[in-house]
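Each chain, written out:
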Amino acid sequence: MPSQNDLRSIDEIPLPYQSIFSQYPCFNVVQSAVLDQALNTDTSFVVSAPTGSGKTAIFELAIVRHLVSGEASLNALDNKIIYISPIKALCQERLVDWHKKLSCFGVNCISVTSDNDEVDPRALLQYNIIISTPEKWDVLTRRWKENNKLIDAVSLFLIDEVHLLNADSRGSTLEVIVSRMKTARGSYLFNGNAKGIRFIALSATIPNIEDIAEWMGQSEPAKYFQFSEEVRPVKLNKIVLGYNFNPQVQSVFKFDMSLSYKISGLISKHSEGKPTLIFCNTRKSVEMTANHLVKNLQIRLSHEQKEILMKISQNIADVKLRQNIVHGIAFHHAGLIPNTRHTIEESFKTGQIPVLVTTSTLAMGVNLPAHLVIVKCTKCYSDGGYKDYDEVSIFQMIGRAGRSQFDTSATVLILTSLQDKIKYEQMLSCSQIIESNLHKHLTEHLNAEVVLRTITDLEVAMRWLSSTFLYVRARKSPEKYKLPAGLSKDKIDKKLLEMCQIDLNKLVATGMIRMNQAIEVTPTVIGEIMAKYYVAFETMKLFTQITGSEILIQILAIISKCKEFSDFYLRTTDKRCLNLLNKNTKKEAIRFPLTGRIKSNDMKVNVIIQAVLGNLDIQNQGLVCDSMKIMRCCERLAN
């Protein structure tokens, strides 16, 4: 690895493309070590390095290699780059940044995420760089054989935040799209197309980067580069604080609220008067924490700062937020209208708002760097109960700490229970192995591959499975995947094949696929619909029970129970508005009122769907935001 005295010069880049790196005086330690691999070869590789170590420039070096190689015949139809990131805001950042840097070389970029309407893959042929989330690329490539011109044109596949593999549901999607692209590459080489696809994956610091390199490779593992926290330009001080919590006598909510009394002292001790970002687990916790800080945290504001904050507050519709902002403290969550969220984000990013309290979901959606990051309580509300934050969520939150243009150091505080203190200290030491989650979502993904005809029988299913990260990890740690320890590799393969057959049988039993006596599989119309419209297996099982004789009220009840709505939950603050929409003697209510009070998530979804279809006024802003997501999902399911 190069030392600080052996850093590579920007002059090593071919002249026309040096402008892409004009913001750097020279390449840093990480970039210098990877430069030759990225710029002077066409082989795949993986990099594990700390957040904030300039990993984006590595992608840009590979793009320069791509452009230099294709200068003789640069054609959007023949040279295509795919960039995958789990964070929509990061996709938007890349779009803006790369348009500015690359458009002068005739490179067209487009961002395709869940915020876009249905995208015709043929329309993407005119672009050189397609920027997407794993989920959107999964949707697009589930029909790649119908749109093989798009996939045929891909020669460079860039994967950001590849440690997302550790995330429960999103990790399996990332794994499947990479395996699908590897399958596509294999078919090109089989058909005599020597171009293939170059894979480059970047990750936060993880211990088993060699496993990802093995997965990314074809006949042999891809090359990998591993860097420790020492190369981080902004040094990160990571502190885990444990507090007394007895779940037998205290709820998570009360424990979370008890932590509010610790926050003001911690900000005074660690912020150094610089921007502070506080992550909370619910919207209610966000607002209560912000209100507590307004009363208990003294922020020294100059006359000029007070005037700026007053001006910002005048553009805010939410009364509580407006009152908080003038004190230098703001809150941010999905219950605010988009314009308000954007105003808060920009004001914090420019340093006008000193303290921002937000939900943990912001870490996956917006890149807002801060000097001090506080994770208040390590349990989040999910699927009807509290669960520990996973490693991906924690790393996304702490990744906001450190503003490279302003700081030489930054601080992260994780506030948790005494019982969980060691667990999070180990997590922050980057000693937690990245595992596959594909086995938990195998049914949906197998169906998609059967529809694609990637899988036609059990033997082919095993070949497909051998292209996955699951295959790599199951052979090394079989017990993590409920396989007996001590098995030979052949026996592990046999157990994995059995796992495949169990899920294929589930698909057969529900009419998604057909299987003959030779164990050859073909899709049914229902299975094709499931794959095309990205419908969950549990939802399709519900839909197959529909006889056609149902009346509207019954259809609404079925749709409200769809698996796609499991990410929503019934908040205490939702109930009053929902109950008034359900039954109201003074105002118009929904057409088919539900029995009793609103007390479950499917009842909430039912009321919202009816309220939107009935053009009723939803006076809770959080429910308005939920309604937009629910109706977008309904539109897809109704197809």
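Bear in mind the structure is a predicted one, so any value in this text is a computation, not a measurement. For every chain, the first residue of the written sequence is number 1, and numbering continues from 1 along that sequence. Only residues with pLDDT of at least 70 get local features here, since the model is predicted, and only at 80 or more are side-chain atom pairs given and counted; chain-wide, interface and lining totals rely on the full set of residues. The basis for every side-chain value is the complete set of heavy atoms in the structure, and neither hydrogens nor water enter the calculation.

Colleague: Before we go on, may I ask you to explain helix α16 (residues 442–452) in this structure?
Modeller: An α-helix turns once every 3.6 residues. As a result, residues three or four positions apart point the same way. Exposure is judged per residue with a 1.4 Å probe applied to protein chains only, and the accessible area is read against the type maximum: over 50% gives exposed, under 20% gives buried, and values in between give partly exposed. Runs of E in the DSSP output that reach at least two residues are strands. Runs of H or I that reach at least four are helices, and both are numbered from the N terminus. The element α16 is largely enclosed, with a buried count of nine among its 11 residues. Looking only at α16, the buried set comprises Leu442, Thr443, His445, Leu446, Asn447, Ala448, Glu449, Val450 and Leu452. Arg453 sits one or two residues past α16 and shows a positive phi near 70°.

Colleague: Before we go on, may I ask you to explain the packing of helix α14 (residues 391–398) against helix α15 (residues 421–428) in this structure?
Modeller: Where α14 contacts α15, the axes come no closer than 11 Å and their chain directions differ by 65°. Taken together, the axes of α14 and α15 are roughly perpendicular relative to one another. Between α14 and α15 lies a crossing of right-handed hand. Here α14 contributes Glu391, Ile394, Phe395 and Ile398 to the contact with α15, which in turn contributes Tyr424, Met427 and Leu428. For helices, the fitted line uses only the C-alpha atoms of the stretch in contact; every axis is such a line through C-alpha atoms, and the angle between N-to-C directions lies from 0 to 180 degrees. The scheme is simple: roughly parallel for angles under 35 degrees, roughly antiparallel for over 145, roughly perpendicular for 65 to 115, oblique for anything else. Should the near helix be turned anticlockwise from the far one by less than a right angle, the crossing is left-handed, and should it be turned clockwise, the crossing is right-handed. Residue contacts follow a heavy-atom distance rule, with two residues in contact if any of their heavy atoms lie within 4.5 Å.

Colleague: For this particular structure, what's the right way to read the sheet that holds strand β7 (residues 223–226)?
Modeller: Paired through their backbone hydrogen bonds, the strands of a sheet run either parallel or antiparallel. The sheet built from seven strands is open, its strands ordered β3-β4-β2-β5-β6-β1-β7 with parallel pairing. Among the strands making up the open sheet, the edge pair consists of β3 (109–112) and β7. Neighbour to neighbour, the strand axes of the sheet diverge by 15° on average, direction disregarded. Looking at chain direction, strand β1 (residues 45–48) and β7 are connected through four bridges and run parallel. The partner of Phe45 across the bridge, within β7, is Lys223. Here, any two strands with at least 2 DSSP bridges between them count as paired.

Colleague: Help me out: how do you make sense of unusual backbone geometry in this one?
Modeller: Excluding glycine, residues mostly have negative phi values, and the peptide bonds linking residues are mostly trans. The backbone of Glu161 shows a phi angle near 55°, a positive value even though the residue is not glycine. Here Glu161 shows up in the loop between β5 (154–159) and α6 (168–190). Accessibility expressed as a relative area gives 18% for Glu161, which makes it buried. At Lys482, a position not held by glycine, the phi torsion is positive, near 60°. Locating Lys482 in the fold gives a position in the loop between α18 (469–476) and α19 (489–509).

Colleague: Just to check I follow, could you spell out the packing of aromatic side chains for this structure?
Modeller: Each aromatic ring pair is specified by the distance between its two centres and by the angle formed by the two planes. Centres within 6.5 Å are what make two rings of Phe, Tyr or Trp a pair, Trp counting through its six-membered ring; a difference in plane orientation under 30 degrees is then read as stacked, over 60 as edge-to-face, and the rest as tilted. Here the structure, examined in full by the defined rule, presents 11 aromatic pairs. Judged by centre distance (4.7 Å) and plane angle (50°), the ring pair of Tyr17 and Phe105 falls under tilted. Remark: Phe105 occurs in the loop between α3 (88–102) and β3 and Tyr17 occurs in the segment before α1 (29–40); sequence separation between them is 88 residues. Looking at Tyr17, the relative accessible area reads 6%, which means it is buried. A residue is classified by how much of its surface remains accessible, and Phe105, at 18% relative accessible area, is buried. Between Phe45 and Phe225, the ring centres sit 6.1 Å apart and the planes meet at 85°, which makes this aromatic pair edge-to-face. With a gap of 180 residues between them, Phe45 in strand β1 and Phe225 in strand β7 connect regions that are remote in the sequence. Each member of the pair, Phe45 as well as Phe225, carries the same accessibility label: buried.

Colleague: Can you help me understand the side chain of His292 in this one?
Modeller: Checked against the element boundaries, His292 lands in helix α9 (residues 283–296). Look at His292 and you get buried, because its relative accessible area is 14%. Apart from residues lying up to four places away in sequence, His292 is in contact with Ser260 and Tyr261.

Colleague: Help me understand the confidence of the model for the protein chain in this model?
Modeller: Interpreting fine coordinate detail is not advised for predicted regions of low pLDDT. Mean pLDDT over the protein chain works out to 88, with 93% of the residues at or above the 70 mark. In the predicted structure, residues 188–194 sits below a pLDDT of 50 and forms six contacts with residues beyond four places in sequence or in another chain. Known as pLDDT, the predictor's confidence for each residue is given on a scale from 0 to 100.

Colleague: Explain the domain arrangement of the protein chain to me, please; I cannot follow it from the model alone.
Modeller: Domain boundaries assigned for the protein chain yield domain 1 (8–231), domain 2 (235–429), domain 3 (438–539) and domain 4 (551–638). Just the C-alpha atoms count here: the centres of domain 2 and domain 3 sit 41 Å apart. Each domain's limits were defined by an automated method or a database of domain assignments.

Colleague: Please clarify how the pairing of strand β11 (residues 355–359) should be interpreted in this entry.
Modeller: The side chains of a regular strand alternate between the sheet's two faces. Most of β11 sits inside the fold, with five of its five residues counted as buried. Going residue by residue along β11, you find Val355, Val357 and Thr359 tucked away on one face and Leu356 and Thr358 tucked away on the opposite face as well. Sheet analysis places strand β9 (residues 276–280) next to β11, joined by five bridges and oriented parallel. Across the sheet, Thr276 pairs through a bridge with Val355, a residue of β11. For the crossover from strand β10 (residues 329–332) across helix α12 (residues 338–349) to β11, the handedness is right-handed. With its strands directed away from the observer, a crossover is right-handed exactly when the path from the first strand over the helix to the second travels clockwise.

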